[in-house]
Amino acid sequence: PTRRRGRTGGGQGAVLVELALAIVPITMIAFGTVDLGRAYAFQVQLRNAARAAANYARAFPTQVAATPDYTGAGTCADPNNVTYQAANENGPTGSSALPAGAVLTVTDLTTGTTISGCGPDAATPPVVSAGDTIQVQVSAPFTLVSPLVASAVGSVTVHGTSGLLLSSNVSV
């Protein structure tokens, strides 16, 4: 009689069961890694947008949004506002828009007030002074690729923030 070496016929079924049990966590780890990389790249994009907006806000902290005056232009017409600068942080080849659902917030941390609209064209412009600390934050929802990871984590909002100290040559 000859002896058979290796696995018997029932061993192949065990391999399939082991593979079936291992494939779910391996897939979750793989998609989770992809989502983590995408979220990091998205956060860098939002941080860069906040930096570009803060760079413009350094000189014009109250020109946050394009709010046309009675002539349809106004002081804050594009590109003369913080929101436009954030959306176009990549330059002429950029997407020219913030991500869908993005919210840009400009806050005077010294006084605790949120700056919005177009200060120079407003009936009561916001008061900012040299030496005030201004924070620009861009927040946007992030959609995960993997439904399993998304159900475990829930909704995700990513933030990019940049702060600055207003110098003495501030235009309001």
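Quick caveat: nothing in here was measured; it's all calculated off a predicted structure. (Residues numbered from 1 in each chain as written. Predicted model: local features only at pLDDT ≥ 70, side-chain atom pairs only at ≥ 80, totals over all residues. Heavy atoms only, no water.)

**Side note on the overall build of the protein**
In step 1: Summing up its helical and strand segments, the protein has 3 helices and 4 strands in all.
In step 2: Tracing the protein from N to C terminus, the helices and strands come up as α-α-β-β-β-α-β.
In step 3: Buried residues in the protein amount to 27% of all 172 residues.
In step 4: In the protein, 70% of the contacts between residues at least 6 apart in sequence involve partners at least 24 apart.
In step 5: With an accessible surface of roughly 10400 Å², the protein has 60% of that area assigned to carbon and sulfur atoms. (Helix = DSSP H or I, 4+ residues; strand = E, 2+ residues; numbered from the N terminus. Buried < 20%, exposed > 50% of the residue type's maximum accessible area, 1.4 Å probe, protein only. Contact = heavy atoms within 4.5 Å. Areas by Shrake-Rupley, 256 points an atom, 1.4 Å probe, with all protein chains shown as cover.)

**Side note on the nonpolar core**
In step 1: Of all hydrophobic cores here, the largest spans 25 residues; its most connected members are Val82, Leu104, Val106, Ile134 and Val136.
In step 2: Secondary structure elements with two or more residues in this core: helix H1 (11-57), helix H2 (82-87), strand E1 (103-108), strand E3 (133-142) and strand E4 (156-165).
In step 3: It is H1 that provides the largest number of residues to this core, a total of 8 residues.
In step 4: Apart from residues lying up to four places away in sequence, Val82 is in contact with Ala53, Tyr56, Ala57, Phe60, Gln63, Val64, Leu104 and Val106. (Core = buried A, V, L, I, M, F, W, Y, C linked by side-chain atoms within 4.5 Å.)

**Here we look at the pairing of E3**
Two faces belong to every sheet, and in a regular strand the side chains alternate between them.
In step 1: Relative to E3, E1 runs antiparallel, the two being bridged by 6 bridges. By the bridge assignment, Val103 is partnered in E3 with Ser139.
In step 2: The sheet contact formed by E3 and E4 spans 10 bridges and is antiparallel. Its bridge partner being in E4, Gln135 is matched across the sheet by Gly163. (Pairing = 2+ DSSP bridges.)

**Some remarks on the pattern of salt bridges**
In step 1: Using the criterion set out here, one finds 1 salt bridge in the structure.
In step 2: Of the charged contacts in the structure, one is a salt bridge between Asp35 and Arg38, with a shortest N-O distance of 3.1 Å. Here Arg38 and Asp35 lie together in helix H1, a separation of 3 residues that amounts to about one turn.
In step 3: Classification of Asp35 as buried rests on a relative accessible area of 3%.
In step 4: On the basis of relative accessible area, Arg38 is assigned to the partly exposed category, the value being 34%. (Salt bridge = Lys/Arg side-chain N within 4 Å of Asp/Glu carboxyl O.)

**Some details on the pairing of E1**
In step 1: Bridge count between E1 and strand E2 (residues 113-115): 3 bridges; the pairing is antiparallel. The partner of Thr107 across the bridge, within E2, is Thr114.
In step 2: Between the end of E1 and the start of E2, which pair antiparallel, lie 4 residues, with Gly112 showing a positive phi angle near 80°.

**Concerning the state of the cysteines**
In step 1: Enumeration according to the criterion identifies 1 disulfide in this entry.
In step 2: With a sulfur-sulfur separation of 1.8 Å, Cys76 is cross-linked through a disulfide to Cys118. Linking Cys76 and Cys118, the disulfide has an S-S dihedral of approximately 75° and is accordingly described as right-handed. With Cys76 in the loop between H1 and H2 and Cys118 in the loop between E2 and E3, the pair connects residues that are 42 residues apart, well separated along the chain.
In step 3: Overall, Cys118 belongs to the buried group, its relative accessible area being 4%. (Disulfide = S-S within 2.5 Å.)

Nothing here speaks to function; it is geometry throughout.
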